[in-house]
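Below are the chains, spelled out letter by letter.
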Amino acid sequence: MSEQVKTLGERRSFPGLLTVEGLKVQYGAIQALRGVSLQVGQGEVVALIGANGAGKTSTLRAVSGMLKPSAGRITLGSRDITGLKAHQMVPLGMAHAPEGRGIFPNLTVQENLELGAYLRSDTAEIQVDMEKNFTLFPVLKERRRQMAGTLSGGEQQMLAIARALLSRPKLLLLDEPSLGLAPQVTETIFRTLRDVNAAGVSVLLVEQNAHLALNAAHYGYVLETGEVVMAGPGKALLDSAEVRRAYLGE
Amino acid sequence: MAQLLQHLINGLAAGTIYALVALGYTMVYGVLKLINFAHGDVMMVGVYMGYATAIGLGRQAQSSLWGVALIFAAAMLGCALLGFFIERFAYRPLREKPRLTALITAIGISFALSYGFQLDLGFKLPLPGGYELSLALPGASPRAFPEIIRPTEWLIIGDRDVVIWNWQVISFLIALGLMLVLQYLVYRTRFGRAMRAVSWDHRVAALMGIPTDRVIALTFMLSSALAAGAGLLYAIKDTSVSPLMGLYVGLKAFVAAVIGGIGNVPGAVVGGLVLGLVEEFVVGYAASTWRDAVAFGFLILVLLVKPGGLFGRVAAEKV
Ligand SMILES: Nc1ncnc2c1ncn2[C@@H]1O[C@H](COP(=O)(O)OP(=O)(O)O)[C@@H](O)[C@H]1O
Ligand SMILES: [Mg+2]
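As a starting point, this report considers the structure included with it.

Moving on, we come to the overall build of chain A. If you tally the helices and strands in chain A, you get ten helices and eleven strands. Relative to the 2.2 N^0.38 estimate, which gives 18 Å for 250 residues, the radius of gyration of chain A is 18 Å and therefore close to what a compact globule would have. Considering only C-alpha atoms, chain A reaches an extent of 50 × 40 × 35 Å along its principal axes. Sorting the 250 residues of chain A into buried and exposed places 54% on the buried side. Expressed as a percentage of contacts within chain A between residues at least 6 apart in sequence, the contacts between residues at least 24 apart total 69%. Accessible surface for chain A amounts to roughly 10,800 Å². Of this, 50% is attributable to carbon and sulfur atoms.

Looking along a regular strand, one sees the side chains alternate between the two faces of the sheet. Residue and element names in this part refer to chain A. Sheet topology note: the strand β2 (residues 16-27)/strand β5 (residues 71-76) ladder contains five bridges and is antiparallel. Directly across from E21, in β5, lies its bridge partner R73. Looking at chain direction, β5 and strand β6 (residues 79-80) are connected through two bridges and run antiparallel. Bridging from a neighbouring strand, L76 pairs with R79 of β6. Turn length for the β5-β6 hairpin, with the two strands adjacent in sequence and antiparallel, is two residues, and the turn residue G77 shows positive phi of about 60°.

Let us look at the nonpolar core. Membership of the largest hydrophobic core comes to 96 residues, with the highest contact counts inside it found for L20, Y91, F145 and I210 of chain B. Tallying contributions element by element places helix α8 (residues 212-238) of chain B first for this core, with 14 residues. In this structure, I126, L159, I189 and M230 of chain A belong to the second largest nonpolar core, which totals 48 residues.

Residues and elements named next belong to chain A. The environment of ligand 1 is formed by Y27, I30, A32, A51, N52, G53, A54, G55, K56, T57 and S58. Interatomic distance of 3.2 Å between a side-chain N/O atom of N52 and an oxygen atom of ligand 1. At 2.7 Å, a side-chain N or O of T57 approaches an oxygen atom of ligand 1. Summarising the interface, the protein chains cover 65% of the accessible area of ligand 1, which totals 550 Å² for the free molecule. Those elements giving two or more residues to the shell around ligand 1 turn out to be β3 (30-41) and α1 (56-64). Looking at which element gives the most residues to the shell around ligand 1, the answer is α1, with three residues.

A separate point is the sheet that holds β2 of chain A. All names here are of chain A. Taken together, the four strands give an open sheet; going across it, the order is β3-β2-β5-β6, and neighbouring strands pair in antiparallel fashion. Strands at the two margins of the open sheet, each flanked by one partner only, are β3 and β6. Here β2 pairs with β3 via nine bridges, running antiparallel. Bridged to G16 within β3 is G41.

Quick look at the packing of helix α2 (residues 39-62) of chain B against α8 of chain B now. Residue and element names in this part refer to chain B. Packing of α2 against α8 leaves a shortest axis separation of 8 Å and a crossing angle of 60°. As for the relative orientation of α2 and α8, their crossing is right-handed in sense. From α2, H39, V42, M43, G46, V47 and G50 reach across to α8, where they touch S223, S224, A227, A228, G231, L232 and A235. Along the lines of polarity and charge, the residues of the contact of α2 with α8 split into seven nonpolar, six polar and no charged.

A few words on the packing of helix α6 (residues 153-165) of chain A against helix α7 (residues 183-198) of chain A. When two helices pack together, their arrangement is captured by the angle between the axes and the distance separating the axes. Residues and elements named next belong to chain A. Running from N to C, α6 and α7 cross one another at 10°; their axes reach a closest spacing of 10 Å. By the angle between their axes, α6 is roughly parallel relative to α7. The chirality of how α6 crosses α7 is right-handed. Along its contact with α6, which presents G154, Q157, M158, I161 and L165, the element α7 presents V185, I189 and V196. Within the contact of α6 with α7, the residues separate by chemical class into six nonpolar, two polar and no charged.

Here we take up the coordination of the magnesium ion (ligand 2). Residues and elements named next belong to chain A. T57 (OG1) and E99 (OE) make up the full set of protein donors to the magnesium ion (ligand 2), lying at 2.0 to 2.2 Å. Residue T57 is located in helix α1, and its partner E99 is located in the loop between β7 (94-97) and α3 (109-116); the two are separated by 42 residues in the primary sequence. Accessibility expressed as a relative area gives 14% for T57, which makes it buried.

At the interface, 18 residues of chain B touch 20 residues of chain A. Of the roughly 1,800 Å² buried where chain B meets chain A, counting both sides, 66% is carbon and sulfur surface. When the buried surface of chain B facing chain A is broken down by residue, R193, L207 and M208 of chain B rank first, second and third, together holding 36% of it. Where chain B touches chain A, the interface holds two salt bridges. Between E114 of chain A and R193 of chain B there is a salt bridge, with its nearest N and O atoms 2.9 Å apart. Applying the counting rule to chain B against chain A returns five residue pairs in polar contact (both at pLDDT 80 or more). For the side of chain B that touches chain A, the secondary structure elements donating two or more residues are α6 (190-200) and α7 (202-207) of chain B. A per-element tally of the side of chain B that touches chain A places α6 of chain B first, with seven residues. A breakdown of the residues in the side of chain B that touches chain A according to their chemical character gives eleven nonpolar, two polar and five charged.

Cut-off values and rules
Residues numbered from 1 in each chain as written. Chains lettered and ligands numbered in written order. Predicted model: local features only at pLDDT ≥ 70, side-chain atom pairs only at ≥ 80, totals over all residues. Heavy atoms only, no water. Helix = DSSP H or I, 4+ residues; strand = E, 2+ residues; numbered from the N terminus. Rg over C-alpha atoms; globule rule 2.2 N^0.38 Å. Buried < 20%, exposed > 50% of the residue type's maximum accessible area, 1.4 Å probe, protein only. Contact = heavy atoms within 4.5 Å. Areas by Shrake-Rupley, 256 points an atom, 1.4 Å probe, with all protein chains shown as cover. Pairing = 2+ DSSP bridges. Core = buried A, V, L, I, M, F, W, Y, C linked by side-chain atoms within 4.5 Å. Near = heavy atom within 4 Å. Polar contact = N/O pair within 3.5 Å; in protein donor to acceptor, adjacent residues only side chain to side chain. Axes fitted to C-alpha atoms, helices over the stretch in contact; angles between N-to-C directions. Left-handed = near helix turned anticlockwise from the far one by under 90°. Nonpolar A, V, L, I, M, F, W, Y, C, P; charged D, E, K, R; others polar. Parallel < 35°, antiparallel > 145°, perpendicular 65-115°, else oblique. Donors = N, O, S within 2.8 Å, 3.2 Å for Na, K, Ca; no water. Buried area = accessible area lost by both parts, 1.4 Å probe. Salt bridge = Lys/Arg side-chain N within 4 Å of Asp/Glu carboxyl O.

Okay, structure coming up:
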């Protein structure tokens with residue numbers, strides 16, 4: 001369906017990392033994705049924007065193996081990862097901070113973080129990463145003995161991101177990190193996101209807040225009822241009249 | 001006063017057994033949101049495994065220290081294996097089906113075990129050297145469970161006002177030991193962390209790289225092994241074993257788990273102890289015929305006051 005995608009501007013070139021081709025997802029009779037194709041390069045931040053129900057979350061879930069696509073191909077690096085289970089994706093460098101944060105409120109903050117490093121056995125290095133995380137999010141260090149369920153919404157989002165980073169991912173999938181957060185908190189999170197990306201982690205960012213996402217992203221895709229309808233560099237999308245009308249309320 | 005002490009001791013001995021079985025209900029409910037109605041019957045099968053091992057060892061060996069250890073090991077390992085197979089072939093295929101399907105399957109397995117074990121089926125296999133291997137289902141009538149711990153009075157207070165038997169103390173210590181091991185496993189190890197994560201949300205747990213199927217299988221094995229241990233303690237106390245014991249003890253332990261708040265590990269322990277004590281005091285001060293009625297009445301009372309059980313938080317159920 002790529003012939004129907006309206007592409008704006010030139011894409012800066014990054015070495016390839018994630019390639020999604022013709023991805024279809026079905027929930028019973030509901031077809032949530034009708035052939036989505038997109039790419040994320042090494043070191044790139046890619047935003048996926050679209051209205052509520054467009055299929056953003058379904059795309060991330062299919063990519064991370066939380067659900068099985070009914071058609072399509074997903075490759076990470078040179079490896080075909082289509083149909084792998086979620087827990088098999090983690091050692092390949094995939095980390096997914098799911099919608100609604102998905103922290104474990106019945107575990108302490110520290111235990112949540114340790115689960116992020118579940119598959120790693122390099123204890124000393126984990127400690128280093130743990131400290132790095134605490135530098136990014138000092139509040140998590142203060143609260144590490146608390147039950148994660150007692151954290152505020154913003155702190156839970158920080159925990160979800162920190163936990164995802166502890167697996168040392170190549171690719172970080174983020175689902176609506178700004179949802180329900182105060183503007184200053186959102187800003188903190190997006191600032192950290194830039195630092196994380198600067199350290200070499202690629203990001204596929206899903207947001208309803210198009211302005212925020214496109215500003216932070218090198219490249220963006222616009223999803224509408226399960227299909228990519230537009231793509232282009234973040235700035236180009238921000239400047240496009242269609243995006244401004246449909247997603248920025250102008 | 002002395003009488004009170006005696007009831008306290010008896011109640012605690014019974015309560016720790018309920019607690020061990022209740023822990024199995026609660027852990028499986030934790031990871032699968034399934035009331036494993038076959039749990040008590042798995043326990044019963046474990047008791048028969050221990051029984052067979054005891055008979056095989058003979059009267060002398062069965063009550064030696066290594067004999068008892070072997071009986072417990074055989075029952076617990078055998079049950080772990082049984083739990084593994086039940087999960088793998090009965091529950092796992094139904095994982096994504098409506099919850100009711102698995103629940104009915106659990107009831108089916110429960111009946112298959114408790115009534116299947118009453119059948120008179122068996123065969124003998126001649127072995128070289130004049131030996132023969134005979135395998136048979138136990139049949140419907142209860143059997144006397146061998147005295148693998150020869151009863152001795154360990155402590156007598158006053159004019160036999162309080163009598164503490166060796167098996168009461170040993171049973172209490174074994175149960176306590178198993179609970180401490182479990183507590184350590186669940187709250188201090190990597191596996192326990194994974195288990196608690198799966199119990200909150202297995203889809204998100206998988207995103208951490210946790211092989212959720214394996215964690216669920218291990219949880220089943222662990223809870224089945226605990227049930228086998230508890231079942232043996234019950235059989236020692238009751239000095240009998242029967243195919244229907246699983247239904248009865250299982251139901252009581254289920255009540256204990258619900259009293260404590262199903263899905264909650266410390267809750268199962270407290271629920272078991274409370275139930276054991278309540279039953280003992282009813283039998284001691286009222287009449288033994290009231291025992292079951294009071295147990296269930298107590299359950300209803302707890303649920304009326306705290307619908308999530310003593311330790312449960314209804315509001316904290318995940319959204
Ligand atoms: N678990 C589900 N069962 C059935 N339909 C679903 C489920 N999850 C999402 N959908 C449907 O799939 C479509 C895409 O949803 P989703 O991927 O959550 O969109 P977004 O994240 O962009 O809001 C919607 O029409 C939604 O109603
Ligand atoms: Mg969504």
